[in-house]
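Residue strings, one per chain:
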Amino acid sequence: TMSEITDEQLEELKDAFTLYDKKGDDKVDSKQIIDILRALKLNPLTSDVRKVIKDSGLDGTRVDFPTFVSIYEQFKKRPTIANYEDMVEMFKTFDRDGSKTVFGGEIRQILLNLGDKMTEAQIDTMIKPQENAEGYIPYEPMLKFVMSK
């Protein structure tokens, strides 16, 4: 049902959807679904979006707006929990010298921006004990801790 989404949200979805409709046929390329979801502040995993598109038989097709809305709703409901490997990969991009540590401030930003909105207090509880004197955190043990929650 479309009932979960307010008219205002629907308007926002339609605007984002229309931006990606390059042919003017009120459809978007299935490959663009993930970009539209991200433009709408969702942070789904690429593999999850691919799976939903494949399972819905939409691979390589152009997707209409009602179909897109139902995909959006699926991802909106989902907790976007990346798996451990995804997280390690992400932290590696911040680990500039390969020391397996990242700066606490950067982790705070990442966690604040993750799909699962954590409060600053929750993030502090998690990060403070792990930070060394220079404010760096060994991320693998931290991720293991986070993932086990």
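Quick look at the structure, then. Per chain, the residues get numbers from 1 upward, laid out in the order the sequence is written. Under the rules for a predicted model, residues below a pLDDT of 70 receive no local features and side-chain atom pairs below 80 are neither given nor counted, while totals for whole chains, interfaces and linings still include all residues. To get the side-chain values, take all heavy atoms of the structure and skip hydrogens and water.

Some points on the overall build of the protein chain
Part 1 of the reasoning: Secondary structure summary: the protein chain contains eight helices and four strands in total.
Part 2 of the reasoning: Here a strand is any run of E in DSSP of at least two residues, a helix any run of H or I of at least four, and the numbering for each starts at the N terminus. Along its sequence from the N terminus, the protein chain presents helices and strands in the succession α-β-α-α-β-α-α-β-α-α-β-α.
Part 3 of the reasoning: Under the scheme applied here, a residue whose accessible area is under 20% of the maximum for its type counts as buried, over 50% as exposed, and between as partly exposed, the area being computed with a 1.4 Å probe on protein chains only. When each of the 149 residues of the protein chain is scored for burial, the buried share is 32%.
Part 4 of the reasoning: In the protein chain, 62% of the contacts between residues at least 6 apart in sequence involve partners at least 24 apart. Whether two residues are in contact is decided by their heavy atoms, any of which lying within 4.5 Å being enough.

A closer look at the packing of helix 3 (residues 46-55) against helix 4 (residues 65-77)
Part 1 of the reasoning: Working convention: axes come from line fits to C-alpha atoms, limited for helices to the stretch in contact. Angles between N-to-C directions cover 0 to 180 degrees. Contact geometry for helix 3 and helix 4: axes closest at 12 Å, N-to-C directions at 140°. As judged from the angle between their axes, helix 3 and helix 4 are oblique. Crossing of helix 3 over helix 4 shows right-handed handedness. When helix 3 is examined against helix 4, the residues Asp48, Val49 and Val52 are found in contact with a partner set consisting of Ile71, Gln74 and Phe75.
Part 2 of the reasoning: Charged residues are taken to be Asp, Glu, Lys and Arg, nonpolar residues to be Ala, Val, Leu, Ile, Met, Phe, Trp, Tyr, Cys and Pro, and polar residues to be all remaining types, Gly included. Of the residues contributing to the contact of helix 3 with helix 4, the split by class is four nonpolar, one polar and one charged. Comment on the angle field: the value is read as roughly parallel under 35 degrees, roughly antiparallel over 145, roughly perpendicular from 65 to 115, and oblique elsewhere. What makes a crossing left-handed is the near helix being turned counterclockwise from the far one by less than a right angle; a clockwise turn instead makes it right-handed.

Concerning helix 1 (residues 7-20)
In an α-helix there are 3.6 residues to a turn, and that puts residues three or four apart on one side.
Part 1 of the reasoning: Taking 1.5 Å per residue as the helical rise, helix 1 with its 14 residues ought to reach 20 Å, and the 20 Å between its terminal C-alpha atoms agrees with that figure.
Part 2 of the reasoning: Where helix 1 is buried, its residues touch strand 1 (27-29), helix 2 (33-39), strand 2 (62-64) and helix 4. Given the number of residues in a helix, its expected span is that number minus one, multiplied by 1.5 Å.

Points about the nonpolar core
Part 1 of the reasoning: Ranked by internal contacts, the top residues of the largest apolar core, which has 22 residues, are Leu13, Ile33, Leu37, Phe68 and Tyr72.
Part 2 of the reasoning: Contributing elements (two or more residues each) for this core: helix 1, helix 2, helix 3 and helix 4.
Part 3 of the reasoning: Looking at this core element by element, the count peaks at six residues for helix 4.
Part 4 of the reasoning: Discounting residues that sit within four places of it in the chain, Ile33 has contacts with Val28, Val49, Ile53, Val63, Phe68 and Ile71.
Part 5 of the reasoning: By nonpolar core we mean a set of buried residues, namely Ala, Val, Leu, Ile, Met, Phe, Trp, Tyr and Cys, connected to one another through side-chain atoms within 4.5 Å. Among the nonpolar cores identified, the runner-up in size contains 14 residues, and Met87, Val102, Ile123 and Met126 belong to it.

Description of the pattern of salt bridges
Part 1 of the reasoning: The rule for a salt bridge is simple: a side-chain nitrogen of Lys or Arg has to be within 4 Å of a carboxyl oxygen of Asp or Glu. Counted according to the given criterion, the structure contains nine salt bridges.
Part 2 of the reasoning: A salt bridge links Arg108 to Asp124, with the shortest nitrogen-to-oxygen separation between them at 2.8 Å. Taken together, the residues span a long stretch of sequence, with Arg108 in helix 6 (residues 104-113) and Asp124 in helix 7 (residues 120-127) at a distance of 16 residues.
Part 3 of the reasoning: With a closest N to O distance of 3.5 Å, Arg108 and Glu131 form a salt bridge. Residue Arg108 is located in helix 6, and its partner Glu131 is located in the loop between helix 7 and strand 4 (136-138); the two are separated by 23 residues in the primary sequence.
Part 4 of the reasoning: Judged by its relative accessible area of 26%, Glu131 is partly exposed.

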